[in-house]
Amino acid sequence: MTSVRQRRLQSDYERLSALVSAQSMLSIESARGNPPETYVIVFRRRSIAELRGSVPVFCGRQRMKIEMPADYPAVPPLVTALAPMFHPHVWPRTNIVCLGPWNITESLDTLVLRLDSLVRYDPAQLNWKSVANQEAADWAVRNQHLFPLDHSEKNLQAASQHGGDRWVETA
């Protein structure tokens, strides 16, 4: 007989697989375990790798490792950005993502959608009262007019009106 955790992990794998099949901006780079309990997810979205002075350095892809601990889903997954990510909710020294309050009923596919919004600086995912990186939060407060960080016409116009020639894109 399978445990509650095993059934949850299997359900999460099935739901996440369906999500990435429907979302071209997301992919599963790796999944370890049977059913998987550790994933590397690729987000093909604009994110901020770092600031050079006050100029954001953008990247078009972010990879995150999601690890389900032994007590999952009673305790939240551990999410780590696998490359530098300048964000109010990412600890700068460890690249661990601060998920905020965890709801035991939140499925992995829903968490991945939340992380996708976080990567893009979706205003709905920014909690100014609880930040992991104060420098990123200060920058984000001053630059809210640019969010979310996608390639929409609105953001391109905003960038050109607010020093867009100083923005840096990386591969």
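This text goes with the structure placed above it.
The rules we used
- Residues numbered from 1 in each chain as written.
- Predicted model: local features only at pLDDT ≥ 70, side-chain atom pairs only at ≥ 80, totals over all residues.
- Heavy atoms only, no water.
- Pairing = 2+ DSSP bridges.
- Helix = DSSP H or I, 4+ residues; strand = E, 2+ residues; numbered from the N terminus.
- Axes fitted to C-alpha atoms, helices over the stretch in contact; angles between N-to-C directions.
- Core = buried A, V, L, I, M, F, W, Y, C linked by side-chain atoms within 4.5 Å.
- Buried < 20%, exposed > 50% of the residue type's maximum accessible area, 1.4 Å probe, protein only.
- Contact = heavy atoms within 4.5 Å.

**Student:** Outline the sheet that holds strand 5 (residues 62-67), supporting the account with residue identities and numerical values.
**Tutor:** Reading across the sheet, the four strands line up as 1-2-5-6 and stay open at both edges, with antiparallel pairing between neighbours. What marks the edges here is a single partner per strand, and that holds for strand 1 (26-33) and strand 6 (78-81). The average undirected angle you get between the axes of adjacent strands in this sheet is 20°. By the bridge criterion, seven bridges tie strand 1 to strand 2 (residues 36-43) in an arrangement that is antiparallel.

**Student:** Quick rundown of the nonpolar core? Include the residues and the values.
**Tutor:** One finds Leu108, Val112 and Leu115 to be the most contacted residues of the largest nonpolar core, which totals 25 residues. Of all the secondary structure elements, the ones that give two or more residues to this core are helix 1 (4-22), strand 2, strand 5, strand 6 and helix 2 (108-119). Looking at this core, the element that brings in the most residues is helix 2, giving six residues. Ignoring anything within four residues of it in the chain, the contact list for Leu108 reads Asp12, Leu16, Tyr39, Ile66, Met68 and Tyr72. By size, the runner-up hydrophobic cluster in this structure holds twelve residues, among which are Ile48, Leu51, Phe58 and Trp139.

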